[in-house]
Amino acid sequence: MRILVCLCLFWGTSSVVQAEANPWFPTSPLAIGIDRIIGENNLEPIEEAMGTDFYDMARSVSRVEMSGGYCTGFRVAEDLIMTNNHCLSSCSSLNFRFGYERALGRDAEVLYRCVKVEAKSRNLDYALLRVQLVSGNRPDDYPSVTLVTRELFEDDLLFVSGHPSARRKEMDRSENCKLVEWPDGGTSLKHSCDTQSGNSGSPVFERATGYVVAIHWGYSNYNRATTMANVVKHIE
């Protein structure tokens, strides 16, 4: 299993969406609250960032499609995708659609299906899934992320992309999207990036590097995400 991890020297109820107009909020293993807009709604279509690093970072993001709902996932290796554990009903029911964007045609979409659960944790709320290509001619358009395990600091700028309310890909790249609190001995950071139902499983990027520092799972006082330091440790 090859996942690119930057070790670096300087060391809600989370939500599943059944349909855009009719969200379904099952009880998460973490059982706290739903994803939230923090203050002003800063979500915008990913197309607004075309030609920028934000768009390139978000290429790794897919919509997770399952029987009964939708989440978000992201590619961590050629045939590995990560999402939330609470989005995992059964491997056989999961599909991952890349290129689901307003500005792209259906010929740009690439679809994978889950074939094996490689690792998962209810407490950390992540699942690492082996996938197989189903359809699509341009899988290389959707590269893998780099995971970073070092600590970030309060007010460090972040970036979140996903499929809120199962919509086509959106993002929060505003100045309000930042780290609120790094966990002191815990597993989940607090962040102020805007999310909605369906963002469960979104990667939380460190804006300065483009590396993924956490996986978003829901809301508890602030939006929450499990740090990659904890996820990588569990996988190893």
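Note that residues are indexed from 1 along each chain, following the sequence as it is written. Predicted model: local features are reported for residues with pLDDT of at least 70 only, side-chain atom pairs are reported and counted for 80 or more only, and whole-chain, interface and lining totals are derived from all residues. Heavy atoms from the whole structure form the basis of all side-chain values; hydrogens and water molecules are not counted.

Draft legend 1. Layout of the overall build of the chain. Within the chain, the secondary structure is distributed over 2 helices and 16 strands. The buried share of the chain, taken over its 236 residues, is 58%. Under the convention used here, a 1.4 Å probe and the Shrake-Rupley method define accessible areas, while residue burial counts only the protein chains that appear. As presented, the chain carries roughly 10,000 Å² of accessible surface, and 45% of it is formed by carbon and sulfur atoms. In this text, helices come from DSSP runs of H or I with a minimum length of four residues, and strands from runs of E with a minimum of two, each type numbered from the N-terminal end. Here's how the labels work: a residue is buried when its accessible area is under 20% of the maximum for its type, exposed when over 50%, partly exposed in between, all with a 1.4 Å probe on protein chains only.

Draft legend 2. Seen up close, the sheet that holds strand 3 (residues 61–66). Strands pair, by our definition, only if DSSP identifies at least two bridges between them. Strands sit in the order 3-4-5-8-7-6 around a closed barrel of 6 strands; the barrel is antiparallel. Between one strand axis and the next, the sheet turns by 40° as a mean value, whatever way the strands run. Taken together, the 6 bridges between strand 3 and strand 4 (residues 69–77) define a ladder with antiparallel strand orientation. By the bridge assignment for strand 4, Arg-63 is matched with Thr-72. Sheet strands in contact with helix 2 (residues 228–235) are strand 4, strand 5 (80–83), strand 7 (110–121) and strand 8 (126–135), and its direction is about 80° off that of strand 8. Every angle, taken between N-to-C directions, lies between 0 and 180 degrees, and every axis is a line fitted to C-alpha atoms, over only the stretch in contact when it is a helix. What makes two residues a contact is simply this: any of their non-hydrogen atoms within 4.5 Å.

Draft legend 3. Representation of the nonpolar core. Side-chain atoms within 4.5 Å link the members of a nonpolar core, which is a set of buried Ala, Val, Leu, Ile, Met, Phe, Trp, Tyr and Cys residues. Core analysis: the largest hydrophobic core is formed by 25 residues, its most contacted members being Phe-74, Val-76, Met-82, Leu-147, Phe-159 and Met-228. Secondary structure elements with two or more residues in this core: helix 1 (53–58), strand 4, strand 5, strand 8, strand 15 (211–220) and helix 2. If you tally residues by element for this core, the top one is helix 1, at 4 residues. With 18 residues, the next largest nonpolar core counts Met-66, Ile-81, Cys-87 and Tyr-112 among its residues.

Draft legend 4. Structural view of the state of the cysteines. A pair of sulfur atoms, both from cysteines and within 2.5 Å, is called a disulfide here. Inspection of the entire model under this criterion finds 3 disulfides. The disulfide bridge from Cys-71 ends at Cys-87, spanning 2.0 Å between sulfur atoms. One quick way to see it: the torsion about the S-S bond of Cys-71 and Cys-87 is about -90°, and its sign makes the bridge left-handed. Taken together, the positions of Cys-71 in strand 4 and Cys-87 in the loop between strand 5 and strand 6 (95–98) put the pair 16 residues apart, joining distant regions of the chain. Across a sulfur-sulfur distance of 2.1 Å, Cys-91 and Cys-114 are joined as a disulfide pair. Here the disulfide of Cys-91 and Cys-114 is left-handed, its torsion about the S-S bond being about -105°. Here Cys-91 is found in the loop between strand 5 and strand 6, whereas its partner Cys-114 is found in strand 7, with 23 residues between them in sequence. The exposure class assigned to Cys-91 is buried, which follows from its relative accessible area of 15%.

Draft legend 5. Geometry of the packing of aromatic side chains. Note on aromatic contacts: the rings of Phe and Tyr and the six-membered ring of Trp form a pair at centre separations within 6.5 Å, being stacked when their planes are under 30 degrees apart, edge-to-face when over 60 apart, and tilted otherwise. Inspection of the entire model under this criterion finds 4 aromatic pairs. Note on Phe-159 and Phe-205: the rings are 5.6 Å apart at their centroids and 40° apart in plane angle, and the pair reads as tilted. Placement of the pair is Phe-159 in strand 10 (residues 158–162) and Phe-205 in strand 14 (residues 203–206), with a sequence separation of 46 residues. When sorted by exposure, Phe-159 lands in the same class as Phe-205, which is buried. Among the aromatic residues, ring-to-ring pairing joins Phe-54, Phe-159 and Phe-205 into one connected group. Definition used: whenever NZ (Lys) or CZ (Arg) falls within 6 Å of the ring centre and also within 35 degrees of the ring normal, the charge is taken to sit over that ring. Above the face of the Tyr-100 ring, Arg-63 is positioned so that its terminal group lies 4.2 Å from the ring centre.

Draft legend 6. Up close: the pattern of salt bridges. Here, a salt bridge means any Lys or Arg side-chain nitrogen found within 4 Å of an Asp or Glu carboxyl oxygen. Overall, the coordinates contain 17 salt bridges when judged by the stated rule. Across the pair Glu-109 and Arg-97 runs a salt bridge whose closest N-O atoms are separated by 3.0 Å. Placement of the pair is Glu-109 in the loop between strand 6 and strand 7 and Arg-97 in strand 6, with a sequence separation of 12 residues. Looking at Glu-109, the relative accessible area reads 8%, which means it is buried.

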